[in-house]
Amino acid sequence: MSEKPFPSALGINSGPSFHDTLDALSALQKRINMAVFASGTGSNFRALCDAARAGTLGAAEPMLLICNRECNAMDIAREKEIPAYVFSPQTFNSRQEWEEKIVSVVHAFEIDFIALAGYTKKVGAPLLTAFPEKIVNLHPSLLPAYSGLHAIERIWNDAHSSDPAVRTAARTAAGVTVHIADEHLDHGPILAQRSVPVETFANQADFEAAVHTAEHLLFPSTVAEFAATLERQQESGTPDWLQQARKHQHQQ
């Protein structure tokens, strides 16, 4: 999180007042820049953008979209006027080179953390090293159960198995999870979970729609909470000049 330069003048006799300038600087200081990684429809990317516009995403601000292929999420980025890039791993010599390129672009936008919103690629060492414990992933099951691809379909099928034990396991795993990504697939400290009662739906399409609705509610709220923790870390490391300015403001 980069520090914002203090202006050479504080609006004395012209422009904003000292307090207005300080408030503006504080707002800039508190913004937490987020990159979103997506691979599909982009519905969770849209949910994050809509939450930011509604003021319910806290300090988090969607600043960049990264995709591993052309997808509908790119159209949403254009609609929202958010910079977006496609980096296909097939166009690079190695996975290492591919992720290092992504890291360089993400750093160029001064991103503070990454939200994986339907991103179908497992993050590797370059990203995990560049953003340690600052990559948040969304998964459509109650992890650790049903990690990996096609979780919704697998849960639905198992929830209607003839084996009672399989049915029970699937029904207790139906829902969504937000967690910190680590080197293992769909693994890491869990931030939040929300269950979805798979047995109450008449067909897989309705169940899938309910899972996505749960995602659109849980992901933005959890991202807002995560950004708040980063904001508190940022506050604890507030530059001396801003600390002094705030102290001066309180004395007025």
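Heads up: these notes are all about the structure in this document. (Residues numbered from 1 in each chain as written. Predicted model: local features only at pLDDT ≥ 70, side-chain atom pairs only at ≥ 80, totals over all residues. Heavy atoms only, no water.)

A short note on the overall build of the chain
And step 1. In terms of regular secondary structure, the chain is built from nine helices and seven strands.
And step 2. With the model as given, the accessible surface of the chain reaches about 12700 Å², and the carbon-plus-sulfur share is 52%. (Helix = DSSP H or I, 4+ residues; strand = E, 2+ residues; numbered from the N terminus. Areas by Shrake-Rupley, 256 points an atom, 1.4 Å probe, with all protein chains shown as cover.)

Considering the nonpolar core
And step 1. Formed by 49 residues in total, the largest nonpolar core has its most connected members in Phe 45, Leu 65, Phe 113, Phe 207 and Phe 219.
And step 2. Broken down by element, the residue count for this core peaks at 10 residues, all from helix 8 (residues 204–236).
And step 3. Sequence-distant contacts of Phe 207, that is, excluding residues within four places in its chain, are made with Ile 152, Ile 155, Trp 156, Ala 174, Val 196, Val 198 and Phe 201.
And step 4. In this structure, Val 105, Val 123, Leu 127 and Ile 135 belong to the second largest nonpolar core, which totals 21 residues. (Core = buried A, V, L, I, M, F, W, Y, C linked by side-chain atoms within 4.5 Å. Buried < 20%, exposed > 50% of the residue type's maximum accessible area, 1.4 Å probe, protein only. Contact = heavy atoms within 4.5 Å.)

A closer look at unusual backbone geometry
And step 1. Here the bond from Leu 143 into Pro 144 is cis, since omega is 15 degrees, no more than 30 degrees from zero.
And step 2. Take Pro 144: it is sitting in the loop between strand 5 (135–139) and helix 6 (151–159).
And step 3. Non-glycine residue Asp 186 carries a positive phi angle of around 50 degrees.
And step 4. As for its position among the elements, Asp 186 is in the loop between strand 6 (175–180) and strand 7 (190–195).
And step 5. Classification of Asp 186 as buried rests on a relative accessible area of 15%.

A word on the side chain of Ser 161
And step 1. Within the secondary structure, Ser 161 is located in the loop between helix 6 and helix 7 (164–173).
And step 2. Judged by its relative accessible area of 19%, Ser 161 falls in the buried class.
And step 3. In contact with Ser 161, other than residues within four places in its own chain, are Val 166 and Arg 167.

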